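What follows is each chain in one-letter form.
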Amino acid sequence: MSDLGSMTEVVQGLLRPHLKAGDWAIDATLGNGHDAAFLCDALDEVDALDGDAALVEQDLGPRVIGFDVQQEAIDASRARLGDRVIYVHAGHEDMSEHVPAEAVGAVAVVMFNLGYLPGADHARTTQEKSTLQALEASCGVLQSGGVIAVTCYRGHPGGLEEATAVEAWASALPRKEWAVLKLEHTNTKRPGPFSLLIQRELPRPSKGA
Ligand SMILES: C[S@@+](CC[C@H](N)C(=O)[O-])C[C@H]1O[C@@H](n2cnc3c(N)ncnc32)[C@H](O)[C@@H]1O
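Residues numbered from 1 in each chain as written. Predicted model: local features only at pLDDT ≥ 70, side-chain atom pairs only at ≥ 80, totals over all residues. Heavy atoms only, no water.

## Structural notes on the overall build of the protein
Assigned secondary structure in the protein consists of seven helices and seven strands. The secondary structure elements of the protein, listed N-terminal to C-terminal, are α-β-α-α-β-α-β-α-β-α-β-α-β-β. Against the 2.2 N^0.38 benchmark of 17 Å for 209 residues, the protein shows a C-alpha radius of gyration of 17 Å, consistent with a compact globule. On the principal axes, the C-alpha backbone points of the protein span a range of 50 × 45 × 40 Å. Here the protein, with 209 residues, has 45% of them falling under the buried criterion. A sequence separation of at least 24 residues applies to 71% of the contacts in the protein between residues at least 6 apart. Only carbon and sulfur atoms are counted for the fraction: they give 52% of the accessible area of the protein, which is about 11100 Å². With 17 positive and 30 negative side-chain charges, the protein shows a separation of 8 Å between the mean positions of the two kinds. (Helix = DSSP H or I, 4+ residues; strand = E, 2+ residues; numbered from the N terminus. Rg over C-alpha atoms; globule rule 2.2 N^0.38 Å. Buried < 20%, exposed > 50% of the residue type's maximum accessible area, 1.4 Å probe, protein only. Contact = heavy atoms within 4.5 Å. Areas by Shrake-Rupley, 256 points an atom, 1.4 Å probe, with all protein chains shown as cover. Lys, Arg positive; Asp, Glu negative; His and termini not counted. Charge placed at Lys NZ, Arg CZ, Asp CG, Glu CD.)

Shown next, in the form of structure tokens:
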């Protein structure tokens, strides 16, 4: 037995320190709302721990935005999370149309969990072209030091091609502006999921600061 944790737990653990009081976060593939629940809980925690009293008092309203193209995913997430999330029943490729102006540049984390909705139609998967469009759009809303997490699955039809395209896209990001980390179990018979963490570099401290 290993206690390294599932890929989801490892990714969430690495994302958690990047969420600060007052930040926004996006779940680009809402599904059943598990990742959105992590984002809501983490933001509530940091608001209470790190936020000044005024921020906690102020009740800034929901700052997790969740996208999904399937009504059943929106319904399942709403049943889990109620009004803690801004639900967007639209493709993540249209992200820039739906992210409120106040969130642009204030998003600390964008999560993608690619593939199909467990328990639903397995043919309704994320698609290479729209996923890449959504990743580009995510770069446009992310704050300095913010992280995009993408978990890619290779077992379903189209999954390998999508995963390969996502990795190629991330690997081509300019090193001075982005850091890209890949996480993967390597001792499996069939290729399992892998996750990419893509961080917008923080500005370098100015000399003498
Ligand atoms: C693996 S599930 C996500 C799991 C989810 N993050 C959770 O915590 O339960 C992938 C989801 O992506 C959704 N999806 C597919 N194409 C999409 C698109 N273009 N934009 C947004 N969501 C999409 C599917 O409907 C499905 O619910």
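The discussion continues.
## Some thoughts on the sheet that holds strand 6 (residues 178-184)
Taken together, seven strands build an open sheet; the order of strands is 3-2-1-4-5-7-6 and the sheet is mixed. Each of the sheet's edge strands pairs with one partner strand only, and the pair in question is strand 3 (85-88) and strand 6. Geometrically, the sheet is characterised by an average inter-axis angle of 15 degrees between neighbouring strands, direction not taken into account. Relative to strand 7 (residues 194-200), strand 5 (residues 142-152) runs antiparallel, the two being bridged by six bridges. By the bridge assignment for strand 7, V150 is matched with L196. Docked against the sheet, helix 1 (residues 7-15) engages strand 4 (107-113), strand 5, strand 6 and strand 7, running at close to 10 degrees with respect to strand 7. Taken strand by strand, helix 2 (residues 34-50) contacts strand 1 (24-27), strand 2 (64-67), strand 3 and strand 4, and its axis lies near 170 degrees from that of strand 1. (Pairing = 2+ DSSP bridges. Axes fitted to C-alpha atoms, helices over the stretch in contact; angles between N-to-C directions.)

## Remarks on the side chain of T29
The residue T29 is located in the loop between strand 1 and helix 2 in this model. According to the relative accessible area criterion, T29 is buried, its value standing at 11%. Engagement of the side chain of T29 in a polar contact is seen with the backbone nitrogen of N113, the distance being 2.7 Å. If we skip the residues at most four places from it in the chain, T29 touches F67, D68, H92, M111, F112, N113 and T126. (Polar contact = N/O pair within 3.5 Å; in protein donor to acceptor, adjacent residues only side chain to side chain.)

## A short note on the site of the ligand
The ligand sits among 23 residues. The nearest are T29, D35, D68, Q70 and H92. Residue H34 places a main-chain N or O atom 3.1 Å away from an oxygen atom belonging to the ligand. Burial of the ligand by the protein amounts to 94% of the accessible area it has alone, namely 610 Å². Residues of the shell around the ligand, tallied by class, amount to eight nonpolar, 11 polar and four charged. (Near = heavy atom within 4 Å. Nonpolar A, V, L, I, M, F, W, Y, C, P; charged D, E, K, R; others polar.)

## Points about the nonpolar core
Ranked by internal contacts, the top residues of the largest apolar core, which has 32 residues, are I26, M95, V110, F112, I148, V150 and I198. Of all the elements in the fold, those that place two or more residues in this core are strand 1, strand 2, strand 4, helix 6 (128-141), strand 5, helix 7 (159-171) and strand 7. Here this core takes five residues from helix 6, the largest share from any one element. The contacts of I148, once residues within four sequence positions are left out, are V110, F112, L135, S138, C139, L142, L196, L197 and I198. (Core = buried A, V, L, I, M, F, W, Y, C linked by side-chain atoms within 4.5 Å.)

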